[in-house]
Amino acid sequence: MIADRRLTCRQFKILCALMLFADATTGEAHPKKSQIAEATGIAQNKISEETRALAELGWIEKHGSGGHSIPTNYTVFNTPKTSPDTGLLNQPQKRAAKDKTTSPKLGMYQPQIGTTTSPKLGQNQPQIGASQVTDQQQTIEQTNNRVALEGELLAPAEAAAPTESESDIFKTACRKTWAAYASAYHDRYSIEPVRNQKINTQVVQFCKRIPQDEAPHIAEHFVSSNSAFYVSRGHQFGNLLADAEKLRTEWATGRRMTSATARQIDATQTNLNAVDQALAMMTQRRNA
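Residues numbered from 1 in each chain as written. Predicted model: local features only at pLDDT ≥ 70, side-chain atom pairs only at ≥ 80, totals over all residues. Heavy atoms only, no water.

Colleague: Help me get a handle on the packing of aromatic side chains, residues and values and all.
Modeller: Here the distance between the centres and the angle between the planes together describe a pair of aromatic rings. Per the stated rule, a full pass over the model turns up eight aromatic pairs. Their ring planes at 45° and their centres at 6.1 Å tell us that tryptophan 178 and phenylalanine 237 sit as a pair that is tilted. Of this pair, tryptophan 178 sits in helix α5 (residues 166–189) while phenylalanine 237 sits in helix α9 (residues 237–242), placing them 59 residues apart in sequence. Just as tryptophan 178 is buried, phenylalanine 237 falls in that class too. With 5.0 Å between their ring centres and 80° between their planes, tyrosine 181 and phenylalanine 237 make a pair best called edge-to-face. (Phe/Tyr/Trp six-rings, centres within 6.5 Å; stacked < 30°, edge-to-face > 60°. Helix = DSSP H or I, 4+ residues; strand = E, 2+ residues; numbered from the N terminus. Buried < 20%, exposed > 50% of the residue type's maximum accessible area, 1.4 Å probe, protein only.)

Colleague: Any chance you could break down the sheet that holds strand β2 (residues 60–63) for me, citing the residues and the numbers?
Modeller: Taken together, three strands build an open sheet; the order of strands is β1-β3-β2 and the sheet is antiparallel. Each edge of the open sheet is held by one strand with a lone partner, namely β1 (28–29) and β2. As defined by bridge partners, β1 adjoins strand β3 (residues 73–76) across two bridges and the pair is classed as antiparallel. Looking across to β3, one finds that alanine 29 is bridged to tyrosine 74. Strands in contact with helix α1 (residues 9–21) are β1, β2 and β3; relative to β3, the strand with the most contacts, it is inclined by about 100°. Across the sheet, helix α3 (residues 47–56) touches β2 and β3, and the angle it forms with β2 is around 125°. (Pairing = 2+ DSSP bridges. Contact = heavy atoms within 4.5 Å. Axes fitted to C-alpha atoms, helices over the stretch in contact; angles between N-to-C directions.)

Colleague: Summarise the nonpolar core; cite the residues concerned and give the values.
Modeller: A general tendency of soluble globular proteins is for nonpolar side chains to be buried together. Ranked by internal contacts, the top residues of the largest apolar core, which has 23 residues, are Tyr181, Phe206, Phe237 and Leu240. Of the residues forming this core, the biggest block, seven residues, is contributed by α5. Not counting residues up to four positions away in its chain, the partners in contact with tyrosine 181 are Pro193, Ala219, Phe222, Val223, His235, Gln236 and Phe237. In terms of nonpolar packing, the next biggest core, distinct from the first, is built from 15 residues, Ile14, Ile42, Ile47 and Val76 among them. (Core = buried A, V, L, I, M, F, W, Y, C linked by side-chain atoms within 4.5 Å.)

In short, shape yes, function no, at least from these values alone.
Below, the structure written as structure tokens:
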């Protein structure tokens, strides 16, 4: 876990908490969001987002969908199912069997101890001392072991990561946006949101209007809004699309704009305008 640089601080803390809740044999855990939040100090409305990310990284599997007080079934792994370097599924690597007759690197027969006759020249070959052969064999074996070890360590880093087209990246952003919206919607209303062709089109349009990497966070922020208009409309996805830029500003700044706040700002601006007009009139009279 410490070596996986893909993990954010929140993801690391949640993964530690899940491991504490998990069964030591099966890896299964059933904590509520409130329990995870209490153990990590992370807000409950962020738990779903971070556990989805942990599932995509291969550290856990989620089964079913819980709420604030309903536990979700997790399976926690000691190592990720995907490689931190390539994002691919980890595959067990088999070691090549050593050839007892030939050198794996040189492909040549090992030198033998004693006097041998050359088939071509018919002459005896010079004898090699036992200590010299032992040292040479040890050097070759150490070299072979080092090459094999370096090959195992370098293979994952040198493997080329799969490239995604712009179309695939956009589709992934749309899927993540809907998943974030649906999860937040279920947490709030305890039912799944309606999804049809019209809403699919709205998801695509929404992801085109704002940065794709921000879209899932803004969708989750929208469902958590207590604006009277959004609540009365049941947080329909169409309202998220209609106010995409406004909601993005609220999410980025952490300031929610309600109708009451807007009226208050408008009244303040009206008073400021009246003061400016009075000052201008006084200035004109003084100059006259």
